[in-house]
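Tertiary structure, described
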Amino acid sequence: MFFIDTHTHLDGREFDADRDEVVARAKAAGVGKVFIPAVDLPSVETVLAACGRYPGYAYPMIGLHPEEVKADWSSVLDEMEKLLARPSSPFIAVGEVGLDYYWSREFEKEQLEAFKRQVEWAVEYRLPLMIHCRKGQNEMVKILRKYKDGLPGGVFHCFTGNEKEAAELLQFDNFMLGIGGVLTFKKSHLPETLPAAVPLSRIVLETDSPYMAPVPMRGKRNESAFTLYVLKRLAECYGVSEEEVALTTTANVKRVFGGL
C-alpha cells in the first residue's frame, strides 16, 4: 500500500537527530513520497537540503508562511521569486502560504498583500498552492475568487471546518482538502463532516509533522509514518478499505501536483 504525506516539516530541527530513521519508518509504513513546505527565507535552504538528501522521495515547496509575514515581506518575496524563476527550479508548489489571524492582526494588510502576490506566482508559474488559513477564510476566498480561472489547483492544508466551509472551498476546481491528525482527535467533528460534505476524491493525506500527531500518538512528536493512522481513520469514516483510501488520495495528489 502506497500513499503520500503532502505536508511535513521534515527539514525542522526536531528531526536533526534522527531524520534518516524517520524517513525509514515512513517508508516502512507505506509513505511513498513526502512534500516539504518552506515557511520563510532561511527555511528554503533547509527544505532544499532535506529534499537533496532524499531525492525522488522528498519534494520542496517555496513560500512565506502568514505567521512569518512582517514589515519586510516584500523583499523576502523578491528573494524567493528569484529562486522560483530559475529554469531549473525544483519547487513543486507555492507554499506554505495563506492567512492567519488566530494570534494577531498586527500584519493583517501585509498578510493579504503577501498572499495575493504568492497566488499570482501560482498562476504565473503554473504551480499548485499549499494554503494555510486560520481565522481568515472569508478574506482568503475573496482573494482566490479573483484568480479562480487561472489557478492550477492546490491544497487547503489542515482542514478542520464545517460542511458550509468545506462546500465553499470545494468550489475551487482541482483543490483538495488536506486531512491530518485532527481527524483522529476525540472532540473532532471531522468524522461526521467529511463523509457528509466532501467526496473522498477531494482529500489528500498530511501530517504537518512534527506537529499535531494523531491518536494514538497524540502528545508525541509527529512524523510521516503516522500518516497511516489518518488513513485508517478515513477508511472507517467513509466505510471503505484502507487500500481504497490510499489509491484515491494518491490519485488526488497526482491530479494536483502532476506525476512527480
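Cut-offs and rules
Residues numbered from 1 in each chain as written. Predicted model: local features only at pLDDT ≥ 70, side-chain atom pairs only at ≥ 80, totals over all residues. Heavy atoms only, no water. Core = buried A, V, L, I, M, F, W, Y, C linked by side-chain atoms within 4.5 Å. Buried < 20%, exposed > 50% of the residue type's maximum accessible area, 1.4 Å probe, protein only. Helix = DSSP H or I, 4+ residues; strand = E, 2+ residues; numbered from the N terminus. Contact = heavy atoms within 4.5 Å. Expected span 1.5 Å × (residues − 1). Disulfide = S-S within 2.5 Å. Pairing = 2+ DSSP bridges. Right-handed = clockwise from strand over helix to strand, strands pointing away. Polar contact = N/O pair within 3.5 Å; in protein donor to acceptor, adjacent residues only side chain to side chain.

1. Concerning the nonpolar core
Of all hydrophobic cores here, the largest spans 71 residues; its most connected members are Phe115, Leu129, Met140, Leu144, Phe156, Leu177 and Leu194. Top contributing element to this core by residue count: helix 8 (residues 227–238), with seven residues. Those residues in contact with leucine 144, other than ones at most four positions away along the chain, are Phe115, Val119, Leu129, Ile131, Leu151, Phe156 and Phe172. Core analysis: the second largest hydrophobic core is formed by 13 residues, Ala93, Val204, Val253 and Phe257 among them.

2. Brief notes about helix 8
Side chains three or four residues apart in an α-helix point the same way, a direct result of the helix having 3.6 residues per turn. Spanning 12 residues, helix 8 covers 17 Å between terminal C-alpha atoms, matching the ideal 16 Å at 1.5 Å per step. Here helix 8 has its buried residues at Thr227, Leu228, Val230, Leu231, Leu234, Ala235, Cys237 and Tyr238. Of the residues trailing helix 8, glycine 239 is marked for its positive phi of about 65°.

3. Brief notes about the state of the cysteines
Each disulfide is one covalent bond, formed between the sulfur atoms of two cysteines. Within the structure shown, the criterion is met by zero disulfides. Summary of cysteine pairing: cysteine 237 is not part of a disulfide, and the nearest cysteine sulfur, belonging to cysteine 158, is at 16 Å.

4. Topic: the pairing of strand 2 (residues 31–36)
Strand 2 sits mainly inside the fold: six of its six residues count as buried. Summarising the sheet, strand 1 (residues 3–5) and strand 2 pair through three bridges and their orientation is parallel. Following the sheet pairing, phenylalanine 3 is matched in strand 2 by valine 31. Where the polypeptide runs from strand 1 across helix 1 (residues 19–29) and back to strand 2, its parallel neighbour, the crossover connection is right-handed. When strand 2 meets strand 3 (residues 58–62), the two strands line up parallel, connected through three bridges.

5. Considering the side chain of threonine 184
Within the secondary structure, threonine 184 sits in the loop between strand 7 (175–179) and helix 7 (190–197). Of note is the side chain of threonine 184, whose polar atom sits 2.7 Å from the backbone oxygen of glycine 181. Setting aside residues no more than four positions away along its own chain, threonine 184 makes contact with Pro214, Val215, Tyr229 and Arg233.

6. Focus: the environment of glutamate 243
Counting through the fold element by element, glutamate 243 comes out in helix 9 (residues 242–257). The class of glutamate 243 is partly exposed, set by a relative accessible area of 45%. Sequence spacing of glutamate 243 and phenylalanine 2 is 241 residues, and the spatial spacing of their C-alpha atoms is 8.4 Å.

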